[in-house]
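Fold and contact review
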Amino acid sequence: MNNLDKTKNFDKTIINWYPGHMTKAKREMSEKIKLVDMVIEIRDARIPLSSINPLLDEIIGSKPRLIVLSKADKAENEETKKWISYFKSQGHETVALNLIGDRNVASTISNCCLTIMKDKIDRLKARGLKRVEIKAMVVGIPNVGKSTLINSVSKRKIAKTADKPGITRALTWIKVSNEVALLDTPGVLWPKFEDLKVGFMLAVTGAIRDDVLPMQSIIEFAIGFLIKNHKEKLVKRYEIEVSEDIFETINKIAISRGCIQQDETIDYKRVYALILKDIRDNQLGPISWEKTDEDSK
Ligand SMILES: Nc1nc2c(ncn2[C@@H]2O[C@H](COP(=O)(O)OP(=O)(O)O)[C@@H](O)[C@H]2O)c(=O)[nH]1
Ligand SMILES: [Mg+2]
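Counting restarts for each chain: residues are numbered from 1 in the order of the written sequence. Chains and ligands are labelled by the order in which they are written, letters from A for the one and numbers from 1 for the other. The predicted origin of the model limits local features to residues at a pLDDT of at least 70 and limits the giving and counting of side-chain atom pairs to 80 or more, whereas totals for whole chains, interfaces and linings rest on all residues.

What to know about the site of ligand 1
- In this analysis, residues qualify as near a molecule or strand once their C-beta atom, positioned from backbone atoms, comes within 6 Å of it. In the region of ligand 1, 15 residues are neighbours, and Leu 99, Gly 145, Lys 146, Ser 147 and Thr 148 sit closest.
- By residue number, the principal contributor to the shell around ligand 1 is helix α8 (residues 146-154), which donates three residues.
- Gly is placed with the polar residues, together with every amino acid not listed as nonpolar (Ala, Val, Leu, Ile, Met, Phe, Trp, Tyr, Cys and Pro) or charged (Asp, Glu, Lys and Arg). Split into classes, the residues belonging to the shell around ligand 1 amount to four nonpolar, seven polar and four charged. Put simply, DSSP H or I for four residues or longer makes a helix, DSSP E for two residues or longer makes a strand, and each gets a number counted from the N terminus.

Quick word on the nonpolar core
- Cys 113 and Ala 136 are the most contacted members of the largest nonpolar core, which has 73 residues in total.
- Just so you know, the domain bounds were taken from an automatic or database domain assignment. Each of domain 1 (19-188) and domain 2 (196-280) gives at least three residues to this core.
- Residue pairs are scored as contacts if the distance between their C-beta atoms, which are placed from the backbone, is within 7 Å. Ala 136 has contacts with Val 36, Asp 37, Met 38, Val 39, Ile 40, Cys 113, Val 180 and Leu 182, leaving out every residue within four places of it along the chain. A set of buried residues qualifies as a nonpolar core if it consists of Ala, Val, Leu, Ile, Met, Phe, Trp, Tyr and Cys joined through C-beta atoms within 7 Å. Any residue surrounded by 20 or more other C-beta atoms within 10 Å of its C-beta is treated as buried, while 12 or fewer makes it exposed and the intermediate range makes it partly exposed; C-beta atoms here are placed from the backbone.

Topic: the pairing of strand β3 (residues 93-96)
- Between any two strands, at least two bridges found by DSSP are needed for them to pair. Pairing of strand β2 (residues 65-70) with β3, which is carried by four bridges, proceeds in the parallel orientation. Counted as the bridge partner of Leu 69 is Ala 96 from β3.
- Note on handedness: a crossover is taken as right-handed if, strands pointing away from the viewer, the path from the first strand over the helix to the second is clockwise. Since β2 and β3 lie parallel, the crossover through helix α5 (residues 77-89) that links them has a hand, and here it is right-handed.

So, the packing of helix α9 (residues 196-205) against helix α10 (residues 215-229)
- With axes taken as lines fitted to C-alpha atoms, and helix axes fitted only over the stretch in contact, angles between N-to-C directions fall between 0 and 180 degrees. At a minimum axis distance of 10 Å, the contact between α9 and α10 shows a crossing angle of 90°. As far as their axial angle goes, α10 and α9 are roughly perpendicular. Contacts from Phe 200, Ala 203 and Val 204 of α9 reach α10 at Ile 218, Phe 221 and Ala 222.
- Of the residues that constitute the contact of α9 with α10, the class distribution is six nonpolar, no polar and no charged. Reported orientations rely on four angle classes, namely roughly parallel under 35 degrees, roughly antiparallel over 145, roughly perpendicular from 65 to 115, and oblique for the rest.

In structure tokens, the structure reads:
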């Protein structure tokens, strides 16, 4: 199958990809959500729209939610601030975090949860309850940082062991603070593959496997975006002159990085892998792939 056909078959690929998982995940999460007061929804700060799950609203119903924009260290600060204002204007308490580097993850999460649940806490206290514990559940698409958040607040590697499917066991709660506890297993949701652009966003940020979309089209999308928005990052990283032409730019990167085969033709497989790794590892610097002022919203 050539690349174009593969791209055309994108929707089919995705549908085949998640067969039974969707219904099962949705059912399990709906059950667990009954046990918590609120939900902590993690989205990737670089792609706050593409990293959502289309059914989440339906699954969490009227439960309050905190939106955590993860990997803030890999996104542009100014854009992240705009996203926070945008989500807040929609009525969602939102916070951006570097779940690996920030030291105050637990206290930030706890404070946000208490803010969101303030009315309920006040009501319970008014009724004479002395100690109130808010229970929350972490949800999000694969690789968004769910385990990292849970590990970070628990300060131990608890969350890892929880990923084994089919094992029923008593629920474990992790204390974030004296007032807030997290379910130790996060809810994994599939992303919304509604169009190809979302697929590219998920691919460049590492949310989906490389082989879901053809590598060539992922890289062409990424380089096209970078030429348009961050030419200077390409110049700096690859020490090349950048034109408007995507293919020419890819070739220049290949030559600059010595991705050349024995017969002196360009080793595209190698240069594609190199570019994708650089992007995912933040080697070009912070990049917000989705911006608030785009029509895509
Ligand atoms: N730079 C950066 N990396 C993060 C952050 N949060 C998670 N990661 C990394 O993203 C990858 C996926 O995280 P993980 O917690 O396993 O995602 P999960 O699938 O949602 O549980 C791991 O390599 C983490 O180290 C963050 O805020 N900043
Ligand atoms: Mg995980």
